[in-house]
Amino acid sequence: MFFMIVVDSNEASENSRLVESLAKVVETAVKPLQAGDYLIVGREKHALVERKTVMDFLNSLKGRLWEQLSTMKMFEGEKVLILEGYLGLYRKRGWKEVSILALMDKIVHDWGIPIIPTPDIRGTLTYLVWKNKSLGEVEEFREYPLRVKRKGLTAEEQALFVLEGLCGHETAKALLSHYRTLRNVFTALTPENMHELGKIKVGGRRIPEKTVKKMVEVANTVYGGEG
């Protein structure tokens with residue numbers, strides 16, 4: 001029996017102290033997550049947790065937060081937004097109190113994502129460990145979902161969903177627009193075709209060489225998992 005928490009790669013690099021402390025008490029893995037900062041794997045169900053400091057929360061209210069919540073909402077499991085730090089900070093920063101509280105109400109009731117306030121990193125650690133235990137121990141290691149599942153996609157949307165896991169949303173759209181089908185895209189992902197791939201533009205700029213190399217590498221990697 002053991003517990004498992006998957007930490008998003010970016011979160012791990014930005015908050016190494018929290019991750020190191022977490023790894024001392026629960027089984028922890030660091031992987032890129034499509035949504036959320038922490039994926040808590042339980043016996044019967046999972047929980048996806050987005051962690052934001054109060055300042056991060058305030059700064060993201062006019063844009064990025066809603067994009068993140070939209071992706072989280074598609075997750076088939078529990079969803080939680082941790083709000084870390086002193087909430088009264090919005091008063092010192094000149095934010096309208098009624099506006100902040102109304103937006104928080106919207107997140108909880110309209111988006112269906114509960115907000116858990118914690119005073120600091122220690123409080124966040126305590127919550128993650130408790131939440132992990134509350135979901136139940138995993139009897140044996142099993143693969144965990146790194147991407148959010150989406151229901152009811154059309155064939156075109158499914159093709160985009162498959163490809164964006166490799167190169168991101170905008171690059172996937174550009175590749176499918178250029179090659180027309182998912183099969184054609186993967187046929188083009190060869191070392192010999194890297195120069196042509198690099199000519200494709202995303203938002204007016206060519207796909208970075210590093211991205212092209214990574215796509216080709218992944219597309220031609222032999223999977224070593226057991227059948």
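These numbers were taken from a predicted model, which means no experiment stands behind them.

1. Description of the overall build of the chain
Looking only at helices and strands, the chain features 12 helices and 8 strands. Put simply, the chain has 227 residues, and 41% of those count as buried. Excluding contacts between residues fewer than 6 apart, the proportion of contacts in the chain whose partners are at least 24 apart in sequence is 65%. With an accessible surface of roughly 13600 Å², the chain has 50% of that area assigned to carbon and sulfur atoms.

2. Focus on the packing of helix H4 (residues 64-73) against helix H6 (residues 97-109)
How two helices sit against one another is set out by the angle between their axes and by the gap between those axes. Viewed as axis vectors pointing N to C, H4 and H6 meet at an angle of 15 degrees, and their least axial separation amounts to 12 Å. The angle between H4 and H6 places the two elements in the roughly parallel class. Seen from above, H4 lies across H6 with right-handed handedness. For the pair H4 and H6, the contacting residues are Leu65, Trp66 and Leu69 in the first and Leu103, Lys106 and Ile107 in the second. For the contact of H4 with H6, the class distribution of residues is 5 nonpolar, no polar and 1 charged.

3. Considering the pattern of salt bridges
For the structure shown, the criterion picks out 8 salt bridges. Ionic pairing is found between Glu11 and Arg51, a salt bridge with its closest N-O pair at 3.1 Å. Of this pair, Glu11 sits in helix H1 (residues 9-14) while Arg51 sits in strand E4 (residues 46-53), and the two are 40 residues apart along the sequence. Close ionic contact of Lys131 with Glu78 constitutes a salt bridge, the shortest N to O distance being 2.4 Å. Taken together, the residues Lys131 in helix H7 (residues 121-134) and Glu78 in strand E5 (residues 78-84) connect sequence positions 53 residues apart. Given a relative accessible area of 9%, Lys131 falls into the buried group. Classification of Glu78 as partly exposed rests on a relative accessible area of 22%. Bridged by salt links that share partners, the residues Glu11, Arg51 and Glu84 form one connected network.

4. Some remarks on the sheet that holds strand E3 (residues 38-41)
By way of backbone hydrogen bonds, the strands of a sheet pair with one another, either parallel or antiparallel. Strand order in the open sheet formed by 6 strands is E2-E1-E3-E4-E5-E6, with mixed pairing between adjacent strands. Looking along the sheet, the strands with just one partner apiece sit at the ends: strand E2 (27-31) and strand E6 (115-118). Geometrically, the sheet is characterised by an average inter-axis angle of 25 degrees between neighbouring strands, direction not taken into account. With 4 bridges connecting them, strand E1 (residues 4-8) and E3 associate as antiparallel partners. Bridging across to E3, Val6 finds its partner in Leu39. Packed onto the sheet, H4 meets E4 and E5 and runs at close to 170 degrees relative to E4.

5. Quick word on helix H9 (residues 169-179)
For H9, the full list of buried residues reads Thr171, Ala172, Ala174, Leu175, Leu176 and Tyr179. Each element contacted by the buried residues of H9 is listed here: helix H8 (155-167), helix H10 (182-188), helix H11 (194-197), strand E7 (201-202) and helix H12 (209-219). Following H9 by one or two positions, Arg180 has its phi on the positive side, about 75 degrees.

6. Examining the packing of aromatic side chains
Each aromatic ring pair is specified by the distance between its two centres and by the angle formed by the two planes. Counting across every chain of the model gives 2 aromatic pairs. Centroid distance Trp66 to Trp111: 5.9 Å. Interplanar angle 40 degrees. Geometry classified as tilted. Pair noted here: Trp66 is in helix H4 and Trp111 is in the loop between H6 and E6, with a separation of 45 residues, a long-range link. On the accessibility criterion, Trp66 (18% relative accessible area) is buried. Between the aromatic rings of Tyr127 and Trp130, the centroid separation amounts to 5.9 Å while the plane-to-plane angle is 40 degrees, which identifies the pairing as tilted.

What counts and how
- Residues numbered from 1 in each chain as written.
- Predicted model: local features only at pLDDT ≥ 70, side-chain atom pairs only at ≥ 80, totals over all residues.
- Heavy atoms only, no water.
- Helix = DSSP H or I, 4+ residues; strand = E, 2+ residues; numbered from the N terminus.
- Buried < 20%, exposed > 50% of the residue type's maximum accessible area, 1.4 Å probe, protein only.
- Contact = heavy atoms within 4.5 Å.
- Areas by Shrake-Rupley, 256 points an atom, 1.4 Å probe, with all protein chains shown as cover.
- Axes fitted to C-alpha atoms, helices over the stretch in contact; angles between N-to-C directions.
- Parallel < 35°, antiparallel > 145°, perpendicular 65-115°, else oblique.
- Left-handed = near helix turned anticlockwise from the far one by under 90°.
- Nonpolar A, V, L, I, M, F, W, Y, C, P; charged D, E, K, R; others polar.
- Salt bridge = Lys/Arg side-chain N within 4 Å of Asp/Glu carboxyl O.
- Pairing = 2+ DSSP bridges.
- Phe/Tyr/Trp six-rings, centres within 6.5 Å; stacked < 30°, edge-to-face > 60°.

Read these as spatial facts, not as claims about activity.
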